[in-house]
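The residues making up each chain are set out below.
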Amino acid sequence: MRSIDGYASVHGGSGVAPWTFQRRDLRPDDIAVGIDYCGVCHSDLDALASAAQGPARLVPGHEFTGTVTGVGTTVTRFAVGQRVAVGNIVDSCGTCAACLADQQNYCHAFPTLTYGGVDRHDGLPTQGGFSEEYVVREDFAYTVPAQLDPAAVAPLMCAGVTVWEPLRRWQVGPGSTVGVVGIGGLGHLAVKLATALGARVTVFTTSPAKADAAYLLGADDVVLSTDDAAMAAQSDTQDLILDTASTPHDMTPYLRALSMDGTLCSLGITGRLEFDPMALLIGRKSLAAAGSGGTRATQELLDFCGEHGITADVEVLPMAAVDEALDRLRRNDVCYRFVLDLNA
Ligand SMILES: [Zn+2]
Ligand SMILES: [Zn+2]
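All values derive from a computational prediction rather than experimental measurement.

Scoring rules and cut-offs
- Residues numbered from 1 in each chain as written.
- Chains lettered and ligands numbered in written order.
- Predicted model: local features only at pLDDT ≥ 70, side-chain atom pairs only at ≥ 80, totals over all residues.
- Heavy atoms only, no water.
- Donors = N, O, S within 2.8 Å, 3.2 Å for Na, K, Ca; no water.
- Helix = DSSP H or I, 4+ residues; strand = E, 2+ residues; numbered from the N terminus.
- Buried < 20%, exposed > 50% of the residue type's maximum accessible area, 1.4 Å probe, protein only.
- Tetrahedral: all angles 85-135°; square planar, octahedral: opposite > 155°, others 65-115°.
- Contact = heavy atoms within 4.5 Å.
- Pairing = 2+ DSSP bridges.

Moving on, we come to the coordination of the zinc ion (ligand 1). Note on the zinc ion (ligand 1): its protein donors are Cys41 (SG), His62 (NE2) and Cys158 (SG). The metal-donor distances range over 2.0 to 2.2 Å. Motif for the zinc ion (ligand 1), donor spacing along one chain: C-x20-H-x95-C. Pair noted here: His62 is in the loop between helix H1 (42–51) and strand S4 (64–71) and Cys158 is in the loop between helix H3 (150–153) and helix H4 (159–169), with a separation of 96 residues, a long-range link. Cys158 carries the same exposure label as His62, and that label is buried.

The next point concerns the coordination of the zinc ion (ligand 2). For the zinc ion (ligand 2), the full set of protein donor atoms is Cys93 (SG), Cys96 (SG), Cys99 (SG) and Cys107 (SG), at a range of 2.3 to 2.4 Å. Considering all four donor atoms around the zinc ion (ligand 2), angles at the metal cover 103 to 118° and the coordination shape is tetrahedral. Sequence spacing of the donor residues for the zinc ion (ligand 2), all on one chain, is C-x2-C-x2-C-x7-C. Its relative accessible area of 28% is what places Cys93 among the partly exposed residues. Residue Cys96 is classed as buried on the basis of its relative accessible area of 11%.

Moving on to H4. Where burial is concerned, most of H4 is hidden: nine out of the 11 residues are buried. Within H4, the full set of buried residues consists of Ala159, Gly160, Val161, Thr162, Val163, Trp164, Glu165, Pro166 and Leu167. In this fold, the buried residues of H4 make contact with strand S10 (177–181), helix H5 (185–196), strand S13 (238–243), strand S14 (258–266), helix H10 (295–308) and strand S17 (337–341). Directly after H4, the chain includes Gln171, whose backbone phi takes a positive value near 50°.

Okay, the pairing of strand S12 (residues 221–224) next. Both strand S11 (residues 200–205) and S12 contribute to a ladder of four bridges, which runs parallel. Looking across to S12, one finds that Thr205 is bridged to Leu224.

With that settled, the discussion passes to the environment of Pro125. With respect to the helices, strands and loops of the structure, Pro125 is situated in the loop between strand S7 (112–113) and strand S8 (133–137). The spacing of Pro125 and Leu58 is 67 residues in sequence and 8.8 Å in space, taken between C-alpha atoms. When sequence neighbours within four positions are dropped, the list of residues in contact with Pro125 reads Gly117 and Val118.

As structure tokens, this is what we get:
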């Protein structure tokens, strides 16, 4: 076993504290990754809150980039010194229909999560990227395009692939109209990626103050979702709407904004969905949901971002300032993603 320094949940507390824990020695198909940058995701807040209720400690962090520091005996895709990225899934059964379709995120036997999961082979809990080193099967590590800033690549691994998969699934391209509800961590990447795919992008926001930022990200239109007349004017306009809002809301106005056969894809489900079924029926519309990404789509996203020069807009903080990042994320005081620098 290898001793690793990281930051973990604290029983009864809301933040994290330094903690030394063990990772496995490399198996033949493993690589060791010295972590350089780790994004801070909303899921980290939820995981820390529930971990704090029990005695077991949890190291969050499931979108990170780093440098290969060791390779197992059968590894073929990576060599020591190479820059790699890891997302929120680190293993899956490999044999079910979802895995065979490169949708390991929907593995019927449940994918192994980067933290808060259980390793399929040794039964030990997985611990995340708020730490100096990770050990991962090479099949769940990805090549980072050399021209991209590795700090700003980290959020692509969770927020990025979560919006990328639906954009690809519903074949967004030139001539498509795409709506994006909310422009936080997920939404700002949805705007950049949909724009780069050639779509006309409309941002729906509750905050007039965010309009300028949305245009800067590449949005063609910005609609204030609290303005009923502006929303009614959007009827039958969008082929696909990605709903990234994390607070419960009525989805009916967005269903109405879809064109015939359009799809509203929810990416921030936090409770029961509320909508008028008639808004689904009229125009034969679809309501869908998605989360995370498979291995093929994840590498495809990184390659696409390399070609188009796309990364997340990030605020980089030293690892020791992790509690500040968590506190500010809780208050939504971030533009658009915090990334922790493990070497600072
Ligand atoms: Zn995440
Ligand atoms: Zn599977």
